[in-house]
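Okay, here's what each chain looks like letter by letter:
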Amino acid sequence: DLWPHESFFTGDIDFPEEATEHPIIHECSEAEYHRIKAFGSSYLKNIVYTSPQHAHVPIDGGKSFVMGIAFECLIQDAFTATQPAKLRQQIAGGKFHTHSSTFNKRCALRGDFSKGKGIREIADKWKEENKDKTHVTWPDLMQAIEMVKSALGNEGWHRHLRGGAWQQVILWMEQGLPMKAMLDFNYTSLSGQVPVDIKTCNGKTVKGNFDGFSRQAGKLMYDLQAAHYSTGLAQIYGHDQA
């Protein structure tokens, strides 16, 4: 039997038996991933400074969390697009999100539910239909699109987001404990595997606000997350390749 007891973890999907025998790359949706009973990076962060009980409370990241998810989805499809000219046309016309399969799978564009006949019932129905998706407002979507435009014009993004796997789920056992990680991107263009996690940060509009990012990285324990992801990759590919 797995230790600790399964009630220690959130979720309602049992840790795959195959992963208890050897590390695996697991095919599943994002919603299913979060339901797997195992230690993920968010769960670990909560345990470090609080308790297992706090880890059971869903994380409310607010506007920055919504922006991050929307941007991740759009940038994934932008960097896997096979027709650059068509992509630029969709972005310029403000229609890229309607063609982004990843965005539409993980996100739902929220309308204005502030007024109108029967608006409460309409809003409740919409929320129920999209309960497993991230709810994105139009202003948030437009900001995410502008961020995508900026990323597409940056050589560093092209250098590090080509040649790899998106949304890769890794499951493994570590000292008798079930572990899971979901990488935004696994960069494989170097000699080894490099975990890439896309983050948004409130900073200056002209140049990167490094002090602001450093504070955010410390507050949100990005170092712990990076170590967790690197460990997962090393379980699959070996320490000399991760």
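### Topic: the environment of V136
Topologically, V136 is positioned in strand β3 (residues 134–137). According to the relative accessible area criterion, V136 is buried, its value standing at 0%. Between the C-alpha atom of V136 and that of G111, which follows or precedes it by 25 residues, the distance is 8.9 Å. Leaving out residues up to four positions away in the same chain, V136 has contacts with V66, A70, F103, C107, A108, L109, R110 and L141.

### Points about the pattern of salt bridges
Any two side chains of opposite charge can pair if their charged atoms end up close together. In the structure shown here, the tally under the stated rule is six salt bridges. Here K37 ties to D14 by a salt bridge, and the two come within 3.3 Å at their closest N and O atoms. Here the residue K37 occupies a position in the loop between α2 (30–35) and α3 (41–49), and D14 occupies one in the segment before α1 (17–21), the gap between them amounting to 23 residues. When its relative accessible area of 14% is taken as the criterion, K37 is described as buried.

### Here we look at unusual backbone geometry
You will see that Q167, though not glycine, has its phi angle at about 50 degrees, which is positive. Positionally, Q167 belongs in strand β4 (residues 164–174). Positive phi outside glycine occurs at Q175, with the angle close to 50 degrees.

### Description of the sheet that holds strand β1 (residues 24–25)
On the basis of which strands lie adjacent, the open sheet formed by four strands has the order β1-β4-β5-β6 and antiparallel pairing. At either end of the open sheet lies a strand with only one pairing partner, and these are β1 and β6 (194–196). Taken strand by strand, helix α13 (residues 222–237) contacts β1, β4, β5 (177–187) and β6, and its axis lies near 85 degrees from that of β4.

### Re the layout of surface pockets
Estimates place the volume of the second largest pocket at around 200 Å³. Residue lining of the second largest pocket: D77, T80, A81, T82, Q83, K86, L87, Q90, F96, H99, S100 and S101, and that is the complete set. Only α6 (84–92) and α7 (96–99) provide two or more residues apiece to the lining of the second largest pocket. The element best represented in the lining of the second largest pocket is α6, accounting for three residues. Grouping the amino acids of the lining of the second largest pocket by side-chain chemistry returns three nonpolar, seven polar and two charged.

### Structural notes on the packing of aromatic side chains
Within the structure shown, the criterion is met by three aromatic pairs. Look at F71 and W157: their rings are 5.7 Å apart centre to centre, the planes differ by 80 degrees, and that puts the pair in the edge-to-face class. With F71 in helix α5 (residues 62–79) and W157 in helix α11 (residues 155–160), this residue pair connects regions lying 86 residues apart in the sequence. Taking the centre distance of 5.6 Å and the plane angle of 55 degrees together, the rings of F113 and W126 count as tilted. Note that F113 is positioned in the loop between β2 (107–110) and α9 (119–129) and W126 in helix α9, a separation of 13 residues in sequence. One Lys or Arg, K180, reaches over the ring of Y33 and ends 4.8 Å from the middle of that ring.

### Details of the nonpolar core
Core analysis: the biggest nonpolar cluster contains 27 residues, and L74, I75 and F103 have the highest contact counts within it. Of all the secondary-structure elements, those providing two or more residues to this core are α5, α6, α10 (138–152) and β5. Top element by residues in this core is α5. It accounts for ten residues. Residues contacting F103, with those up to four places away along its chain left out, are A70, C73, L74, D77, H97, V136 and L141.

### Quick word on the pairing of β3
Only one face of β3 is covered, namely the one carrying T134 and V136; the face carrying H135 and T137 has none of its residues buried. Relative to β3, β2 is paired through four bridges, and the arrangement is parallel. Opposite L109, over in β3, you have V136 as the bridge partner. Taking the sense of rotation as the criterion, the β-α-β connection linking β2, α9 and β3 turns out right-handed.

### Comments concerning the side chain of E72
Mapped onto the elements, E72 comes out in helix α5. Ignoring any residue separated from it by four or fewer positions in sequence, one finds E72 in contact with R106, Q167, D184 and I198.

### Description of the state of the cysteines
Any covalent bond linking the sulfur atoms of two cysteines counts as a disulfide. Enumeration according to the criterion identifies zero disulfides in this entry. The structure places no disulfide on C73, whose sulfur is separated from the nearest cysteine sulfur, that of C107, by 4.0 Å. Looking at C73, the relative accessible area reads 0%, which means it is buried.

The rules behind the values
- Residues numbered from 1 in each chain as written.
- Predicted model: local features only at pLDDT ≥ 70, side-chain atom pairs only at ≥ 80, totals over all residues.
- Heavy atoms only, no water.
- Helix = DSSP H or I, 4+ residues; strand = E, 2+ residues; numbered from the N terminus.
- Buried < 20%, exposed > 50% of the residue type's maximum accessible area, 1.4 Å probe, protein only.
- Contact = heavy atoms within 4.5 Å.
- Salt bridge = Lys/Arg side-chain N within 4 Å of Asp/Glu carboxyl O.
- Pairing = 2+ DSSP bridges.
- Axes fitted to C-alpha atoms, helices over the stretch in contact; angles between N-to-C directions.
- 1 Å grid on protein atoms, 1.4 Å probe; cavity = no way out; pocket = protein on both sides within 12 Å on 5 of 7 lines; lining within 4 Å.
- Points joined across faces, edges and corners; volume = space filled by probe spheres on them.
- Nonpolar A, V, L, I, M, F, W, Y, C, P; charged D, E, K, R; others polar.
- Phe/Tyr/Trp six-rings, centres within 6.5 Å; stacked < 30°, edge-to-face > 60°.
- Lys NZ or Arg CZ within 6 Å of the ring centre and 35° of its normal.
- Core = buried A, V, L, I, M, F, W, Y, C linked by side-chain atoms within 4.5 Å.
- Right-handed = clockwise from strand over helix to strand, strands pointing away.
- Disulfide = S-S within 2.5 Å.

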